[in-house]
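Chain residues, written in single-letter form:
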Amino acid sequence: RRVIADGTVAVKGGRIVAVAPAADLRGRYRARTTLDASGTLLIPGLINAHTHAPMVLFRGLADDLALMDWLQKNVFPAEKANVTAAFVKAGTRLAALEMIRSGTTSFADMYYFEDQVAEAAKEAGLRVVAGETLIEFPAPDNKSIPEALAYTERFLARWKDDPLVIAAVAPHSPYLASPETLSAARALADRFGAPILTHLSESPAEQQQIRERYGKTPTEHLRDLGLLRKGVLGAHGVWLTPSDRSILRTAGAGIVHCPQSNMKLASGTAPVRDMLAEGLALGLGTDGAASNNDLDMFEEMLSAALLAKQATGDATAAPAAAVLEMATLGGARSLGLDDRLGSLEPGKRADLVVVSLSAPRLHPLYDPVSHLVYATKGADVRDVIVEGRLVMRDRRVLTLDERTVLAEAERLKRQVLGSLGR
């Protein structure tokens, strides 16, 4: 949480080996590559703790709808008609391009054909916690839960110990995953030491469904199934009760706040002020671009800070420093990865972002933390480093052919429209 003027970060083998004022490190290290970041802000890479990367290909397809109408009448039919392994890879490439250009170095994903998400993220040089979705109806990749579990087991085995891909199990939600599926997901994740990603308490309808089925809240339901532990991440948490939050905190499970998606779908406002005060492992995410409609974590930070103030009538509800932490170390903590990600510390992975201060709206600079939350945009990101590797330099992404990625997205747009008879 320190701001170091004229700071230097030394990196070796993809790890940070020193962080200090330049004068303290001068002469101690000789680098093969030196990146001059004078007159900029150097920050930890942003962590998008909840998204569905391939859904960038459905961006703007169905807007201004309530969650269940948006999901069941629009998203699910579009996915059924279009989602293939190739579609997922193309969508992830587009999402990776967008995330790199706006300073995200790690993202947590839940989707189908998650092997393709992992491959495309690794190709782009991004870090991904990739969760294969388990859902109680025939999905684009697996038509039954036994098929999905078998796929997930192969997926976990394939990516075990990869430096950039952390394979996870992702039962969609307590309302679209049966108790048997949730228990099987827990057993599989425990066997591989893998994270579990799910949606949790996103809408009043979800709360009502689970209470009618099981006589308890979704959080109580997951607790009673033995699903809650460190490395389990619930997305949204809009309708968590005080008791729910206590259960999650005690278990060490994480929550990720997705303010723009929640506002757009009118799902409600998560109790961020209370979550911060109670010490929950709280991250920040964009959700998918079909319900946001972008993957810019700087926009998400601004929304999180302002929404918490507006919802509570308290201008101190979500201070800039707390929101910046949600997008960095908080995201790592929510995923159970704070031992390796989220801050500039010796021993952690070298995921770094250089933010240019050249835009007029970034002058004068009194408080860099305030600027990062309230004034900076994704377009201000100049350079991005993941695992010690430059993936963007001077606004040019080095790992993807931007023209090819965009052309494929336009081709697939025509396919999606045709499949829906538009």
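Before reading on, note that the structure itself is shown above.
Residues numbered from 1 in each chain as written. Predicted model: local features only at pLDDT ≥ 70, side-chain atom pairs only at ≥ 80, totals over all residues. Heavy atoms only, no water.

Novice: I'm lost on the layout of surface pockets in this one. Help?
Specialist: Empty space among the atoms can be located by rolling a probe the size of a water molecule over them. What the second largest pocket holds in volume is close to 370 Å³. Along the walls of the second largest pocket sit 22 residues, with Ile166, Gly193, Ala194, Pro195 and Arg340 positioned nearest its centre. Breaking the lining of the second largest pocket down by element, the ones donating at least two residues are α5 (145-159) and β7 (165-171). It is β7 that provides the largest number of residues to the lining of the second largest pocket, a total of 3 residues. (1 Å grid on protein atoms, 1.4 Å probe; cavity = no way out; pocket = protein on both sides within 12 Å on 5 of 7 lines; lining within 4 Å. Points joined across faces, edges and corners; volume = space filled by probe spheres on them. Helix = DSSP H or I, 4+ residues; strand = E, 2+ residues; numbered from the N terminus.)

Novice: Help me understand the side chain of arginine 127 in this model?
Specialist: Secondary-structure assignment places arginine 127 in strand β6 (residues 127-134). A polar side-chain atom of arginine 127 sits 2.8 Å from the main-chain carbonyl oxygen of proline 163. A polar contact is formed between the side chain of arginine 127 and the side chain of glutamate 387, at a distance of 2.6 Å. (Polar contact = N/O pair within 3.5 Å; in protein donor to acceptor, adjacent residues only side chain to side chain.)

Novice: I keep staring at the pairing of strand β12 (residues 352-356) and nothing clicks. Help me out?
Specialist: Along any regular strand the residues' side chains alternate between the sheet's two faces. With respect to burial, β12 is a largely interior element, 5 of its 5 residues being buried. In the sheet, strand β3 (residues 40-44) pairs with β12 via 5 bridges, with the strands oriented antiparallel. By the bridge assignment for β12, leucine 42 is matched with valine 354. Of the pairings in the sheet, the one linking β12 to strand β13 (residues 381-386) comprises 4 bridges and is antiparallel in character. Within β13, the position partnered with valine 353 by the bridge is valine 384. (Buried < 20%, exposed > 50% of the residue type's maximum accessible area, 1.4 Å probe, protein only. Pairing = 2+ DSSP bridges.)

Novice: What is the right way to read the side chain of histidine 236 from this model?
Specialist: By the element assignment, histidine 236 lies in strand β9 (residues 232-236). Polar contacts involving the side chain of histidine 236 include one to the side chain of asparagine 262, which spans 3.0 Å. With residues up to four places along the chain from it excluded, the contact list for histidine 236 reads His50, His199, Leu200, Glu202, Ile255, Val256, His257, Cys258, Ser261, Asn262, Ala270 and Asp287. (Contact = heavy atoms within 4.5 Å.)

Novice: Even after reading the chapter, I still don't get the packing of aromatic side chains, so can you show me in this structure?
Specialist: Each aromatic ring pair is specified by the distance between its two centres and by the angle formed by the two planes. A complete count under the given rule lists 3 aromatic pairs for this structure. Judged by centre distance (5.0 Å) and plane angle (70°), the rings of phenylalanine 76 and phenylalanine 137 are edge-to-face. Residue phenylalanine 76 is located in helix α2 (residues 67-82), and its partner phenylalanine 137 is located in the loop between β6 and α5; the two are separated by 61 residues in the primary sequence. Residue classification places phenylalanine 76 among the buried residues on the basis of a relative accessible area of 16%. (Phe/Tyr/Trp six-rings, centres within 6.5 Å; stacked < 30°, edge-to-face > 60°.)

Novice: Would you mind going over α2 with me for this structure?
Specialist: The periodicity of an α-helix, 3.6 residues per turn, causes residues three or four positions apart to be oriented the same way. In the structure, α2 departs most strongly from a straight axis at valine 75, where the bend amounts to approximately 35° and where the proline proline 77 lies between one and four residues downstream. Among all positions of α2, only Leu67, Met68, Trp70, Leu71, Val75, Phe76, Ala78, Glu79 and Asn82 are buried. Where α2 is buried, its residues touch α3 (85-101), β5 (104-111), α7 (204-214) and α16 (402-419). (Bend = angle between axes of the 7 residues up to and from the residue.)

Novice: I keep staring at the pattern of salt bridges and nothing clicks. Help me out?
Specialist: In a structure, side chains of opposite charge can pair up when their charged atoms sit close to one another. All told, the structure shown has 30 salt bridges when counted by the stated rule. Across the pair arginine 1 and glutamate 325 runs a salt bridge whose closest N-O atoms are separated by 3.0 Å. Separated by 324 residues along the polypeptide, arginine 1 in the segment before β1 (7-12) and glutamate 325 in helix α13 (residues 320-326) bring together distant segments of the chain. Between aspartate 274 and arginine 245 there is a salt bridge, with the nearest N and O atoms lying 3.7 Å from each other. In this pair, aspartate 274 sits in helix α11 (residues 272-278) while arginine 245 sits in helix α9 (residues 242-251), placing the two residues 29 residues apart along the sequence. For aspartate 274, a relative accessible area of 31% corresponds to the partly exposed category. (Salt bridge = Lys/Arg side-chain N within 4 Å of Asp/Glu carboxyl O.)

Novice: What's the story with the nonpolar core in this structure? I'm lost.
Specialist: A general tendency of soluble globular proteins is for nonpolar side chains to be buried together. Core analysis: the biggest nonpolar cluster contains 118 residues, and Phe58, Trp70 and Met301 have the highest contact counts within it. When residues in this core are grouped by element, the largest group, 9 residues, is from α3. Among residues more than four places away in sequence, those in contact with phenylalanine 58 are Ala78, Glu79, Asn82, Val83, Phe87, Tyr111, Ala290 and Val416. Residues Ile47, Ala49, Ala168 and Val256 belong to the second largest nonpolar core, which totals 17 residues. (Core = buried A, V, L, I, M, F, W, Y, C linked by side-chain atoms within 4.5 Å.)

Novice: Quick question: what am I supposed to make of empty space enclosed by the protein here?
Specialist: In total, this model carries 6 cavities of 30 Å³ or more according to the counting rule given. Taken as a whole, the largest cavity spans an internal volume of roughly 220 Å³. Lining the largest cavity are 20 residues, and of these His52, Met55, Leu71, His172 and His199 sit closest to its centre. Mapped by element, the contributors of at least two residues to the lining of the largest cavity are α2 and β5. Considering only residue class, the lining of the largest cavity consists of 11 nonpolar, 6 polar and 3 charged. Estimated volume of the second largest cavity: approximately 70 Å³. Among the residues forming the lining of the second largest cavity, the class breakdown is 3 nonpolar, 5 polar and 2 charged. (Nonpolar A, V, L, I, M, F, W, Y, C, P; charged D, E, K, R; others polar.)

Novice: Help me out: how do you make sense of the sheet that holds strand β14 (residues 389-393) in this one?
Specialist: Either a parallel or an antiparallel arrangement is found when strands of a sheet pair, and the pairing is made through backbone hydrogen bonds. One open sheet accounts for 5 strands, arranged β3-β12-β13-β14-β15; its pairing is antiparallel. The sheet terminates laterally at β3 and β15 (396-397), the two strands that pair on one side only.

Novice: Sorry, what's going on with the environment of leucine 295 here?
Specialist: On the secondary structure map, leucine 295 appears in the loop between β11 (281-284) and α12 (297-312). The spacing of leucine 295 and arginine 101 is 194 residues in sequence and 10.0 Å in space, taken between C-alpha atoms. Apart from residues lying up to four places away in sequence, leucine 295 is in contact with Thr51, Val56, Ala95, Glu98, Met99, Ser102, Thr104, Thr286, Asp287 and Ala289.

Novice: Whenever I open this one, the pairing of β7 confuses me. Can you help?
Specialist: Counting buried positions over the 7 residues of β7 gives 7, a clear majority of the element. Covered by surrounding structure in β7 are Val165, Ala167, Val169 and Pro171 together with Ile166, Ala168 and Ala170, the residues of both alternating faces. Two strands pair when backbone bridges link them, and β6 and β7 are joined in this way by 7 bridges, in the parallel orientation. Following the sheet pairing, alanine 130 is matched in β7 by alanine 167. On the question of chirality, the crossover connecting β6 to the parallel β7 by way of α5 is right-handed. (Right-handed = clockwise from strand over helix to strand, strands pointing away.)

Worth remembering: the numbers are spatial, not functional.
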